[in-house]
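Listed below, chain by chain, are the residues.
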Amino acid sequence: MLLFFQATTDTAARAVDTLNRAVQAGAAQPHELRFGDLLVKGGWVMVPIGILAVLGLVIFFERFFTIRKAGLNEANLMSQVKANVSAGKLDSAIAICRNSNSPLGRMLQKGLMRIGRPIKDIESAIENIGRLEVSRLEKNIGILGIVAGIAPMFGFLGTIAGVIKIFYDISQTDNISMGVISGGLYVKMVTSAAGLLVGIVAFVGYNILQMMVDKVILKLETDSVEFIDLLEEPSK
């Protein structure tokens, strides 16, 4: 009987020792934190943040390539227009501008169609077309500014809602252990991080597009002044 009791005790001791080693091994190897899991645990707020992220990227790339195309070097267009205007071939110059399908081409075309009127009228016509072209280039860029402003707010909203839920659960269970608090808080702070990330990217994209538009505006103004000088040359 004594031998049976001793064997049982030894077996239980080995089982406890094995269990302790397993627990220590689990503590030494914490659960791997995956990015996808965090996004899912972020809650419903991640849905509008994700929509804002997709919307911002679509607008940025669409406007980026549109503005980039409008800002291509039009030196060849200006040289052809100058040559035809100097030779008195207005119809050819207008056709060249129409075929260019560019902001500068549409501005020059409007100016060429006003030749014969006072220079002030030509300048006014070119400026009006220039404003329309700039408005087209700036289309939807303001939405990026809105995304940059409200995405972090959604993130903070998600975090605050999560904190409220954590303290509500604590009030219901009377469990104020650090594990309960930190375990829920780190998940809810994912929304803040996601909102800030989307807001920063949108803000950077907004300013990049604005700088590109400003560069195109400067180039259009320079070319329009050069065109007006060309028209005034015969009267000098």
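If you're wondering where the values come from, they're calculated on a predicted model, not measured in any experiment.

About the thresholds
- Residues numbered from 1 in each chain as written.
- Predicted model: local features only at pLDDT ≥ 70, side-chain atom pairs only at ≥ 80, totals over all residues.
- Heavy atoms only, no water.
- Helix = DSSP H or I, 4+ residues; strand = E, 2+ residues; numbered from the N terminus.
- Contact = heavy atoms within 4.5 Å.
- Phe/Tyr/Trp six-rings, centres within 6.5 Å; stacked < 30°, edge-to-face > 60°.
- Core = buried A, V, L, I, M, F, W, Y, C linked by side-chain atoms within 4.5 Å.
- Buried < 20%, exposed > 50% of the residue type's maximum accessible area, 1.4 Å probe, protein only.
- Salt bridge = Lys/Arg side-chain N within 4 Å of Asp/Glu carboxyl O.
- Axes fitted to C-alpha atoms, helices over the stretch in contact; angles between N-to-C directions.
- Parallel < 35°, antiparallel > 145°, perpendicular 65-115°, else oblique.
- Left-handed = near helix turned anticlockwise from the far one by under 90°.
- Nonpolar A, V, L, I, M, F, W, Y, C, P; charged D, E, K, R; others polar.
- Polar contact = N/O pair within 3.5 Å; in protein donor to acceptor, adjacent residues only side chain to side chain.

Caption draft 1: The side chain of Ser-102, seen in detail. Here Ser-102 shows up in the loop between helix 5 (90-100) and helix 6 (103-113). When sequence neighbours within four positions are dropped, the list of residues in contact with Ser-102 reads Glu-74 and Leu-77.

Caption draft 2: Main features of the packing of aromatic side chains. Counting across every chain of the model gives three aromatic pairs. Taking 5.4 Å as the distance between ring centres and 85 degrees as the angle between the ring planes, the aromatic pair formed by Phe-64 and Phe-65 counts as edge-to-face. Three or more aromatic residues joined by ring pairs form one cluster here, namely Phe-60, Phe-61, Phe-64 and Phe-65.

Caption draft 3: Layout of the nonpolar core. If you look at the biggest cluster of nonpolar residues, it comprises 40 residues, and the most contacted ones within it are Ile-67, Val-81, Val-85, Leu-108, Leu-112, Leu-209 and Phe-227. Beyond its immediate stretch of four places on either side in the chain, Val-85 contacts Leu-90, Ala-93, Leu-112, Leu-230 and Leu-231.

Caption draft 4: View of the pattern of salt bridges. This model, assessed by the stated rule, comprises five salt bridges. Between Glu-226 and Lys-82 there is a salt bridge whose closest N-O contact spans 2.1 Å. Placement of Glu-226 in helix 9 (residues 178-232) and of Lys-82 in helix 4 (residues 75-86) is noted, with a sequence separation of 144 residues between them. Where salt bridges share partners, they join Arg-106, Glu-133 and Arg-136 into one cluster.

Caption draft 5: Spotlight on the side chain of Ser-224. Within the secondary structure, Ser-224 sits in helix 9. Under the relative-accessibility criterion, Ser-224 is labelled buried at 14%. Beyond its immediate chain neighbours, meaning those up to four positions away, Ser-224 contacts Met-107 and Ile-126.

Caption draft 6: Broad picture of the packing of helix 5 against helix 6. At a minimum axis separation of 8 Å, helix 5 and helix 6 run at an interaxial angle of 155 degrees. With respect to each other, helix 5 and helix 6 are oriented roughly antiparallel. Considering the relative orientation of helix 5 and helix 6, their crossing is left-handed. Residue-level inspection shows Leu-90, Ala-93, Ile-94, Cys-97, Arg-98 and Ser-100 of helix 5 in contact with helix 6, the latter providing Gly-105, Leu-108, Gln-109, Leu-112 and Met-113. Tallied by class, residues from the contact of helix 5 with helix 6 come to seven nonpolar, three polar and one charged.

Caption draft 7: Spotlight on the environment of Asn-84. Mapped onto the fold, Asn-84 is located in helix 4. Counting along the chain gives ten residues from Asn-84 to Ile-94, while the straight-line C-alpha distance between them is 9.2 Å. Within the structure, Asn-84 has its side chain in polar contact with the backbone oxygen of Gln-80 (distance 2.7 Å).

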